[in-house]
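Coordinate inspection notes
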Amino acid sequence: MKKDTLLSVSELKTYFFMESGAVPSVHGVSFEVKQGETVAIVGESGCGKSVTSLSIMGLVSSPGKIVGGDIRFHGQDLTTISEKEYRKLRGNDLSMIFQEPLTSLNPLFTIGSQLDEVILLHQQVTKEEARQKGIEMLKKVGIPRAEQVYRSYPHQLSGGMRQRVMIAMALACEPKLLIADEPTTALDVTIQAQILQLMRKLVKDNNTAIMLITHDLGVVAEMADTVIVMYAGQVVEQADVFTLFAAPAHPYTQGLLASTPKIQTIEEELQSIEGTVPTQETMPKGCRFFPRCPHASEQCVQNQPSLLKIGGGQLVRCWLFDAKEAASG
Amino acid sequence: MASYIFKRLGEMIPVLLIISFIVFALVFVAGNPVALMLPEDASQEDIDQLTASLGLDQPFLVQYGKYLFHLVQGEFGESFRYNTSALPLVLERLPATLELAVAALVLAVTMAIPLGIWSATKQNSPVDLLAAGGSVIGKAMPNFWLGIMLILIFSVMLGWFPVSGRGTLGHLVLPALTLATGLAAEITRLLRSSMIEILNQDYIRTARSKGMREGMVVYKHAFRNSLIPLVTVVALQTSTVVGGTLITETVFSWPGLGQLLIQAVHTRDMAIVQACVFVIAVLVIFMNLVADVLYRLLDPRIKYE
Amino acid sequence: GDGHEDAAEKGTETKGESGRTLTIAIGTDIVSFDIHNHNNTSTEAVHDNMFNYLFKRDENNVIQPELVETFDIIDDRTVEMTLKEGVTFHNGDPLTSEDVKFTLERVAADDTLQEYPNYKQIKEVEVIDDRTFRVITHEAEPSLFHRLSRLGSGILPKTYIEEEGWDNFLANPVGTGPYQFKEWVRDSKIVLTPYENYFEGVVEEWDEVVFRVIPENSTRVAELLTGGVDIAVNLPPADWERVAENEGTSVKTETSNRTIMLILRATEGYPTADLRVRQALDLAIDNKAITENVLRGGGIPTKTRVAPGNFGAEESLYNTYDYDVEKAKQLLKEAGYPDGFEMTLHSPHGRYLQDAEVAELIAGMLQAVNVDVRLELMEWSNFVEMRQAGENKDAYLIGLGNSMFDGAYSVDWYRSDRFVGETDYKNEEIDTLLEASAVNLDVDERAKQIQEIQRIAAKEVPHIMLHQETINYGVSDRIEFVPSMDEMIYAPAISRK
Amino acid sequence: MQTDTTMASPAERSRRIRSNRLLTWSRRLLRSKTGTVGFILVLAVLFLAAFADVLATHNPNEVNPALMLKPPAWLEGGSSQHLLGTDHLGRDIWSRMVYGSRISLLVGVTAVVFAGLIGVAVGIVAGFYGGWLDRVFMRLVDAFLSIPNILLALVILSVFGPGVWTLIFVLGVTNWVNYARLVRGEVLSMKEREFVKAARAIGVKNRMVMVRHLLPNVMSPFIVISTLSVATTIILEASLSFLGLGIQPPDISWGGILSDGRDYVATSWWLATFPGIAITLTVLGIIFLGDWLRDVLDPRGQNRR
Amino acid sequence: MKEVLLEAQGLTKHFDVSEGFLKRKKAMLRAVDGVDLTIYTGETLGIVGESGCGKSTLGQLLMRLLEPTRGTLSFTGSDFLALKGEALRQKRADIQIIFQDPFSSLNPRMTVMEIIAEPLKTHRIAKGRERVERVYTLLDAVGLDRSYARRYPHEFSGGQRQRIGIARAIALKPKLIICDEPVSALDVSIQAQILNLMARLQKEFQLTFLFIAHGLPAVKHISDRIAVMYLGKVVELAPKQALFAQPLHPYTEGLIRAVPIPDPAVRDDRERVMLEGELPSPVHPPSGCRFHPRCPYAQASCVTEEPMLTEKESGHFVACHFPLEKTRKDLM
Ligand SMILES: Nc1ncnc2c1ncn2[C@@H]1O[C@H](COP(=O)(O)OP(=O)(O)OP(=O)(O)O)[C@@H](O)[C@H]1O
Ligand SMILES: Nc1ncnc2c1ncn2[C@@H]1O[C@H](COP(=O)(O)OP(=O)(O)OP(=O)(O)O)[C@@H](O)[C@H]1O
Ligand SMILES: [Mg+2]
Ligand SMILES: [Mg+2]
Ligand code: NI
């Protein structure tokens, strides 16, 4: 099956304009998502995953602003289209599951009415049909007593239930691209499995592309076709899932994989990457990872590496490979 | 909920009793009505005599006790000034006051809601600044000035509305407008501030992500959430409006409670003051109850045990 | 009922074709239809159209019989009177001596009534026959006829009240006057219609007389200007020009029987206890400047409160004033206040024509003789309360009327035992004269005594007389209306042009 | 590249943070256009009040029967002597306005602050503790709303005697209920929020939960309403002066000048108009400052322009 | 012998979820329904279970943020439920909680410095400079830059917010920390850092943790014992090795089988087996064993009789009539 490019993000820059100056939360991010493909984005928390997805949705709120790059969806540049056209896409072709399920639901409306809203907006259905569909969606995401939950208010649900409601809402219109920002963090594994299965089904049936943001490498391993690793507002590595797990190239990726607790074994101490993500003020001018990198060299301190192809479709932003390549070629 | 309402209504009785006591004490402290009833040149003996025959020379508690005794039988006593039973006198005024209050509130709310939402969504735009200026002027214009101005413009110069009195819808327009400006100003400002807060919430982003029109996002999701402070203010204002329309009522010679009450206070006409306060208290308590019930209806998170 | 809607239509209809509704804007609502239980000129102005008194003052201020046909003074304490024939109440009952007895004995006996002090002098009314009766007083009563020509002597329907009860009467009052009650919406309007069987013949001029209550000055003016009302009482001076210049309206004025004055405190310890200080203050006030500027001519400077038209008026003290700043300063120096002093002046606010303004102006004038005035402007009830409690300081401003039109009542304010603790003014000469005049049935001599008191007071200045107030009306040019000094608005005397 | 913040000593850092705050606040003030305008307006009024002696051209209480009701200088009949014309006693309006700013500001602001303090305290306590305390407080509020303010004013007057502070007391005592109800409503929804739970989990004392967690989060509606109330209070002062309460000649207030003009609205408009404009501008300034303050207090809104 | 830190007996919390405005339909949601739990000093007790099974509610009950409907609770040997007012407040310093939702548990109007300093201030632990220094140390400990101290919560990413919450909770070095999914929003490297940090703190200060989480690997890593909850009840409680080696309850088995494995190579070989059936409602829980409608091994007695939590092996408790016999080969 030939896969067309559905979404292509290139050199996206989203800055937050604070009093202390502009904070580049997303600093030149590029990647592609093909139809029916599942792209997982992993990375340190605070590295700009959510902001990237909000940028795609066109929902970055002030003081944030997209200051550069473009986002093409079906070849259409989303950074230039009118608000009205954007609205037609949102919730329909493009939908998103937000990270904070607890505050993302309006406390004054029932689950049902918030769920129906999106269905009624984008589909030609009657209220009753929308209701049927809403309840069906709730059942699909594994919510017990769906009819009752449909009539409940957000505060009456547990975190996981709210998360599932958000998922139901995002899936209601069978979007072409689903951006799922940590959709299963609040869920227990059995429901997580259900939801992941639901997403897989979506891919199979509707050829939906998924941009899956998660911290759970287990989920990545299970779901993703391609994995993007972000660090400090940049993409540092991109590879297909097998390559990435088998041969992580970037030292940060390596660190991540090493830190994952395994269920089979018991370690005394988990491995972790020392240090913290630099802040805006402390952002190195060279490689952004060098202060924490075991392989850092003078070059890393001085110059920023660019995203290099290192074969097999794997991309990496690291001088180690530059050096190698320079050496080899 | 029903039991809650009944409980609240039950609480009304002690509150009314306390109010009656406070009012009685206040009027008592405020002074003897007799001197006000007699002409300027009445002699002291005349005053003392009338005081004694009205029983106003008895100790406070005796007077209050008697009053309470009558009150329990549903009697508010006779007005010194009008020589008739007080409660019917007050009730007779109630429709006029309610008419004016409701009209003013409706007018205020209809003016304020779009204006408040508009200034919240377009913060610091010319519209917002204009609305801010307008609200301040609305608040800073004393009702007597505004009322007289409205009469001058719309009645004397343009002849569109009758000058004063109560009756047709035309009579209602100017006084209601006079009262509404101040209320509208307050509601506008409050709505603006709570809307600004709410528009920052995550669920607004969710609504936008559904592809809703911005207008719908604002009206459905944000507005509903800002209704709680709005309900409080409107309920509060109802009480203010019911008891405090004096100036507007005077300017437009509107035969409402305000005029009656103020005159009664000025003449220390206990029975009328008590009856007025009673009626107002019932209204106030009722409005606050309505507000609390509305909170509950609006915000499912609020629970009353 | 839907009287409100009717009212509205009527309100605007006065301009209409028929124009047979007379609409009068009054500033305060009537208090009640109990003629014995209020003391309110504006209430009486309405009652006057519905009730008749035994006697009535004519346009020359002479007391004439009204319901009474003939009367006969039997002795010091007894007057026999005969009622006119054919007088009936609005409910059809004929007027009899029993009604007179019922009315007068009620107000003379019931001490809870506000008019009681003015009628307690009557001992009883003896019924001779249906139309003849005798009024017997406790003591010789020189001003009996004054009393019988004012609000307390409006005759009430005995049978109606006894059968239907007071509450019914108050809701549906019945009198013998030219107009009968139709409707009263409190603080809004009183509607009267002509009584067909009025003993002097039905008044045909007006189909309806409406008294509308419009407390706000500007609103009354606006109603007048737009033709909403035909007569507007108490125009503020600021609007006179506007009303006069307006097409179709004019201002009518008449002197009232009310005099504005400052009551000084002669209590030991107050500077005003000193005669020279009192005189100095009087001299420092330019009465003319007050009447000309603040009142815009709405007042007449005076040195006595017994104005012409009242029994015992001393006319030489009327329409005159003293003003001499230099002399005032001199007197203050003599009294030991070369650098002036500080005093408090209480004034009601909104009770009399431009009262607060007058007080402020006086404060300004006294500044010129180095007297610093601390002004306390008070709402009426507080003012009364203050007086009542004897908390008045150096001076207070008050306006005093005289509904009896008997100077004796005015000069009684100088009686020393009456204001102990309030003014503490004492003059034995005046006290003696007062005692003598109280029971003096010799009309001329009594007048002289009263005049003498006024002359003494003008010199002694226990009260500083300011001016006699005028009453003023804005009147539509479509009607003919002559204001009268007693402030009554008698509809039969008003006609269409 | 490391910044030096991590190197500096803690004391140095906290000092720097504090001075930084002042700097950022003033920077924010200048950045916000309305904030700047508000600041300038308020400053201007304060300037008037402070330098009244210098700015006034006449003795504000000097009556001059010959110069009554002269229009402002630029109109026909006006004189350059009296910039804003004269009143009904021939006093210079400009000078009266300048002096009037003192008392009006004092009364307007202090009374609102006073009422606000009581109201916010009662509102937070009632809302936070709920239960019987809430019920008692709210019924008290009902009582206060029902009892005519004018009666309270009269009695307080007769107890304390007239004076500016009595006036402020009266205005405070009659107005706190508004704030109490408003704040309580906000607290009711705020206290269910998780961060309040979190504070309790830490063991924060109830008093501190109210002060540090609830208070800042209910401030914004309070600021909105209270700033607007300054206008009402300044006007209300005039109507209470009518009762012989508070401001008496020779003291001057804007409200007093305004109500002096009541009978002259149709004939000599400038009497009531200038104080009206002054009140409007002052309150506009206060409102803009209030909005700015609200933005500063709301960390989310800070970066908005 | 291990020292008991906290002991709960029959802890129950019912929420009123009555519907209708005037005519109410009485309904009780049994969020926590008779939980017996013992926590020993110095251990980490993990709690896992389906979302909505009452873990957070249990956590809040244990520190009296919610008042239990029934049950007893003793902490450090004394009756915790009897405490009131000041005593309760003081005691609270000994139990802290890291909330599941990091954002709403942070006061939006306080800076990070103020938030983290608050417990120190409340319990008068440090003042002025020292306090600031303590906050910085805490920030360092949870891996946040010191310069963040001046920022407000909304300026942080989810994981950063979670760390603020953790810093606040450990500030008082409490005896017991209830961690309600403290690491679920964090990326694995920080997750590792924090788990390491918790382990270190535990060793250093003899801390005790109640660790609520969905991520079984993390729970397994940090816990000593693990309790599995289902619909408001504890269905299995065992030392972690025992639990993973030999789950006795069918639900536990289902859970473990559903854990995703971070290795794409195995994903096609291992079909994650899911529990079948509808999730039951906590308002009308199933009769007998609450798990029976979804249990592949359910028998008639499961429908009628409720199994009690009993000790099957030493330290291994289970509430099941027919506990699993042998470890199934394909489990892992
Ligand atoms: N409204 C905002 N104002 C200022 N800075 C912001 C705002 N929202 C996000 N940021 C900053 O942008 C950066 C990226 O945030 P983002 O939410 O995209 O992180 P993330 O990768 O989604 O992290 P997590 O996995 O923890 O959710 C962070 O450093 C954050 O501090
Ligand atoms: N305040 C409340 N009112 C009514 N029901 C509630 C309330 N709080 C929680 N519940 C219900 O109690 C049950 C348990 O909720 P709880 O938050 O403890 O679940 P949880 O195990 O923490 O779930 P998750 O893993 O999704 O956070 C849920 O069914 C929830 O709907
Ligand atoms: Mg995120
Ligand atoms: Mg939970
Ligand atoms: Ni009607």
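Within every chain, residues take consecutive numbers counted from 1 along the sequence as written. Each chain gets a letter, beginning with A, and each ligand a number, beginning with 1, in the order they are written. Local features in this predicted model are restricted to residues whose pLDDT is 70 or higher, and side-chain atom pairs enter the listing and the counts only when it is 80 or higher, whereas totals over whole chains, interfaces and linings include all residues. To get the side-chain values, take all heavy atoms of the structure and skip hydrogens and water.

By the naming in an unreviewed UniProt entry, chain E goes by Peptide/nickel transport system ATP-binding protein and is assigned to Evansella caseinilytica.

Cut-off, in case you're wondering: UniProt positions are given in the numbering used here, feature names are shortened, and annotations may be inferred rather than shown by experiment.
Named according to an unreviewed UniProt entry, chain A is Peptide/nickel transport system ATP-binding protein originating from Evansella caseinilytica. Its UniProt record gives chain A a comment under Subcellular location (unreviewed entry), which states: "Cell membrane". Listed under Sequence similarities (unreviewed entry) in UniProt, the entry text for chain A is "Belongs to the ABC transporter superfamily."

1. Some details on the overall build of chain A
As a reminder of what qualifies: Numbered from the N terminus, helices here are DSSP runs of H or I no shorter than four residues, and strands are runs of E no shorter than two. Radius of gyration: over C-alpha atoms. The globule rule applied is 2.2 Å multiplied by the number of residues raised to the 0.38 power. Per-residue accessibility, obtained with a 1.4 Å probe over protein chains only, is compared with the maximum for each type, and a residue is labelled buried under 20%, exposed over 50%, and partly exposed between these values. The contact criterion used throughout is that any non-hydrogen atoms of two residues lie within 4.5 Å. Note on areas: Shrake-Rupley, 1.4 Å probe, and residue coverage restricted to the protein chains presented here.
Helix and strand counts for chain A come out as 12 helices and 12 strands. Against the 2.2 N^0.38 benchmark of 20 Å for 329 residues, chain A shows a C-alpha radius of gyration of 21 Å, consistent with a compact globule. Counting only C-alpha atoms, chain A reaches 65 × 50 × 45 Å along its principal axes. Expressed as a percentage of its 329 residues, the buried residues of chain A come to 62%. Once local pairs closer than 6 in sequence are excluded, the contacts in chain A between residues at least 24 apart make up 62%. Total accessible area on chain A stands at roughly 11800 Å², and carbon and sulfur atoms take up 51% of it.

2. Quick word on the interface of chain D and chain B
Our working rule: Put simply, buried area is how much 1.4 Å-probe accessible surface two parts lose in total, over both of them, once they are put together. Distance and chemistry together define a polar contact, namely a pair of N or O atoms within 3.5 Å, with one atom able to donate a hydrogen and the other to accept it when in protein, and with adjacent residues in sequence counting only for side-chain atoms on both sides. All residues other than Ala, Val, Leu, Ile, Met, Phe, Trp, Tyr, Cys, Pro, Asp, Glu, Lys and Arg, Gly among them, are scored as polar; the first ten of these are nonpolar and the last four charged.
The interface is formed by 51 residues belonging to chain D together with 58 residues belonging to chain B. Counting each side, the surface lost to burial between chain D and chain B is near 5000 Å², with a carbon and sulfur contribution of 69%. Seen at the junction of chain D and chain B, the total is 0 residue pairs in polar contact (both at pLDDT 80 or more). Those elements that place two or more of their residues in the side of chain D that touches chain B are α5 (131–146), α6 (149–160), α7 (164–190), α9 (206–241), α10 (254–260) and α11 (270–297) of chain D. A total of 10 residues in the side of chain D that touches chain B trace back to one element, the largest contributor, which is α11 of chain D. Residues of the side of chain D that touches chain B, tallied by class, amount to 27 nonpolar, 11 polar and 13 charged.

3. Comments concerning empty space enclosed by the protein
To keep things clear, this is the line we draw: Only protein atoms enter the 1 Å grid used here, on which a cavity is any set of points holding a 1.4 Å probe that cannot leave and a pocket is any open set flanked by protein within 12 Å on both sides along at least five of seven lines; residues with an atom within 4 Å of a point are listed as lining. Grid points are joined across faces, edges and corners, and a volume is the space filled by probe spheres set on the points.
Considering only enclosed or pocket space, the largest cavity measures out at about 390 Å³ in volume. Contributing to the lining of the largest cavity are 27 residues, with H215 and D216 of chain A together with Q191, G215 and P217 of chain E lying nearest its centre. Every element with two or more residues in the lining of the largest cavity is listed here: α7 (189–206) and α8 (217–223) of chain A together with α6 (188–205) and α7 (216–222) of chain E. Broken down by element, the residue count for the lining of the largest cavity peaks at 3 residues, all from α7 of chain E. Classifying every residue of the lining of the largest cavity by side-chain character gives 14 nonpolar, 11 polar and 2 charged.

4. Comments concerning α7 of chain D
The condition that has to hold: Take the number of residues in a helix, subtract one, and multiply by 1.5 Å to get its expected span. Two axes are fitted around each residue, one to the seven residues ending there and one to the seven starting there, and the angle between them is reported as the bend at that residue.
Relative to the 39 Å expected for 27 residues at 1.5 Å per residue, α7 of chain D spans 37 Å between its end C-alpha atoms, a close match to the ideal helical length. Along its length, α7 of chain D shows its largest kink, about 35°, at N175 of chain D.

5. Examining the site of ligand 1
Quick note on the threshold: Residues are classed as near a molecule or strand on a simple rule: at least one heavy atom within 4 Å of it.
Looking at ligand 1, there are 19 residues lining it, with S25, G46, S50 and Q99 of chain A together with E155 of chain E nearest. Those chains with residues close to ligand 1 are chains A and E. S25 of chain A places a side-chain nitrogen or oxygen 2.6 Å from an oxygen atom of ligand 1. In the environment of ligand 1, an oxygen atom lies 3.2 Å from a nitrogen or oxygen atom belonging to the backbone of C47 of chain A. Contact with the protein chains hides 88% of the accessible area of ligand 1, taken as 630 Å² for the molecule alone. Elements that contribute at least two residues to the shell around ligand 1 include exactly β1 (5–18) and α1 (49–57) of chain A together with α5 (158–170) of chain E.

6. Side note on the site of ligand 2
The environment of ligand 2 is formed by 20 residues, the closest being Q156 of chain A together with G52, S56, T57 and Q100 of chain E. Residue neighbours of ligand 2 fall on chains A and E, so the site bridges chains. At a separation of 2.4 Å, an oxygen atom of ligand 2 approaches a polar side-chain atom of T57 of chain E. H214 of chain E is positioned such that a nitrogen or oxygen atom in its side chain is 3.0 Å from an oxygen atom of ligand 2.

7. Some words on the packing of aromatic side chains
The criterion, for reference: Each pair of aromatic rings taken from Phe, Tyr and Trp, with Trp reduced to its six-membered ring, is defined by centres within 6.5 Å and is described as stacked if the planes are under 30 degrees apart, edge-to-face if over 60, and tilted in the remaining cases. Should the NZ of a Lys or the CZ of an Arg lie within 6 Å of a ring centre and within 35 degrees of the ring normal, that charge is described as sitting over the ring.
If you walk through the whole model with that rule in mind, you get 32 aromatic pairs over all chains. Their ring planes at 85° and their centres at 5.0 Å tell us that Y231 of chain A and F289 of chain A sit as a pair that is edge-to-face. Residue Y231 of chain A is located in strand β9 (residues 226–231), and its partner F289 of chain A is located in the loop between α10 (251–259) and α11 (298–302); the two are separated by 58 residues in the primary sequence. Like Y231 of chain A, the residue F289 of chain A is buried in the burial classification. Of the aromatic side chains, those joined through ring pairs into one cluster are W74, W269, W270 and F274 of chain D. One residue, R131 of chain A, lies across the ring of Y150 of chain A, its end atom 5.9 Å from the ring centre.

8. Considerations on the domain arrangement of chain A
Residue and element names in this part refer to chain A. This is how it is decided: The split of the chain into domains comes from an automatic or database domain assignment.
What the domain assignment reports for chain A is domain 1 (1–224) and domain 2 (233–329). Each of domain 1 and domain 2 has a C-alpha centre, and the two are 28 Å apart. Facing 18 residues of domain 1, the contacting portion of domain 2 comprises 15 residues. Across the domain 1/domain 2 interface, buried area totals approximately 1300 Å², and carbon plus sulfur atoms make up 59% of it. On the domain 1 side of the interface with domain 2, the three residues burying the most area are H27, E44 and L217, jointly 41% of the side's total.

9. Overview of the sheet that holds strand β5 (residues 78–83) of chain C
Residue and element names in this part refer to chain C. To keep it simple, the criterion reads: When DSSP finds at least two bridges between two strands, those strands are taken to pair. Simply put, an axis is a line fit to the C-alpha atoms, just over the touching stretch for a helix, and the angle between two N-to-C directions goes from 0 to 180 degrees.
Ordered by their spatial adjacency, 4 strands build an open sheet running β4-β5-β7-β6, and the pairing between neighbours is antiparallel. The open sheet terminates on both sides in strands that have one partner only, identified here as β4 (68–75) and β6 (122–127). Sheet twist, expressed as the average angle between the axes of neighbouring strands with direction ignored, equals 20°. Where β6 and strand β7 (residues 132–137) come together, 5 bridges link them in antiparallel fashion. Bridging across to β7, E124 finds its partner in I136.

10. Looking at unusual backbone geometry
A positive phi angle, near 50°, is found at A232 of chain A, a position not held by glycine. Note on placement: A232 of chain A falls in the loop between β9 and β10 (234–240).

11. Details of the sheet that holds strand β4 (residues 64–73) of chain A
Residue and element names in this part refer to chain A. Taken in spatial order, the 4 strands line up as β2-β1-β4-β5 in an open sheet, and their pairing is antiparallel. Edge positions in the open sheet fall to β2 (21–34) and β5 (76–77), since each of these has one partner strand only. Relative to β5, β4 is paired through 2 bridges, and the arrangement is antiparallel. Its bridge partner lying in β5, F73 is registered against Q76. Contacts between α1 and the sheet are confined to β1, β2 and β4, with β1 contributing the most and set at about 110° to the helix.

12. Observations regarding the packing of helix α5 (residues 86–121) of chain B against helix α14 (residues 270–298) of chain B
Residue and element names in this part refer to chain B. Formally: Here the word oblique covers every angle except those under 35 degrees (roughly parallel), over 145 (roughly antiparallel) and from 65 to 115 (roughly perpendicular). Handedness of each helix crossing follows the sense of rotation of the near helix against the far helix: counterclockwise by less than a right angle gives left-handed, clockwise gives right-handed.
Packing of α5 against α14 leaves a shortest axis separation of 9 Å and a crossing angle of 45°. Accordingly, the angle class assigned to the pair α5 and α14 is oblique. In this structure, α5 meets α14 at a crossing whose hand is right-handed. Contacts between α5 and α14 involve A86, L87, L89, V90, L91, L94 and L98 on the former and, on the latter, A271, I272, A275, C276, V279 and L283. Looking at the contact of α5 with α14, its residues break down into 13 nonpolar, no polar and no charged.

13. Some details on the arrangement of the chains
Where 8 pairs of chains are in contact, the pair with the most contacts is made of chains A and E. Between chain A and chain C there is no contact, and the shortest C-alpha to C-alpha distance separating them is 44 Å. Where chain C comes nearest to chain E, the C-alpha atoms are still 37 Å apart, and the two do not contact one another.

14. Concerning the packing of α5 of chain B against helix α13 (residues 257–266) of chain B
All names here are of chain B. At a minimum axis separation of 8 Å, α5 and α13 run at an interaxial angle of 140°. Judged by the angle between their axes, α5 and α13 are oblique. The segment α5 lies against α13, with L89, V90, R93, L94 and T97 engaging L257, G258 and L260. Taken together, the residues that form the contact of α5 with α13 break down as 5 nonpolar, 2 polar and 1 charged.

15. Some words on the interface of chain E and chain A
The interface is formed by 63 residues belonging to chain E together with 68 residues belonging to chain A. Between the two partners, chain E and chain A, sit 0 residue pairs in polar contact (both at pLDDT 80 or more). Broken down by secondary-structure element, the contributors of at least two residues to the side of chain E that touches chain A are α5, α6, α7, α8 (240–245) and α9 (250–258) of chain E. Considering every element that reaches the side of chain E that touches chain A, the biggest residue donor is α6 of chain E, with 7 residues.

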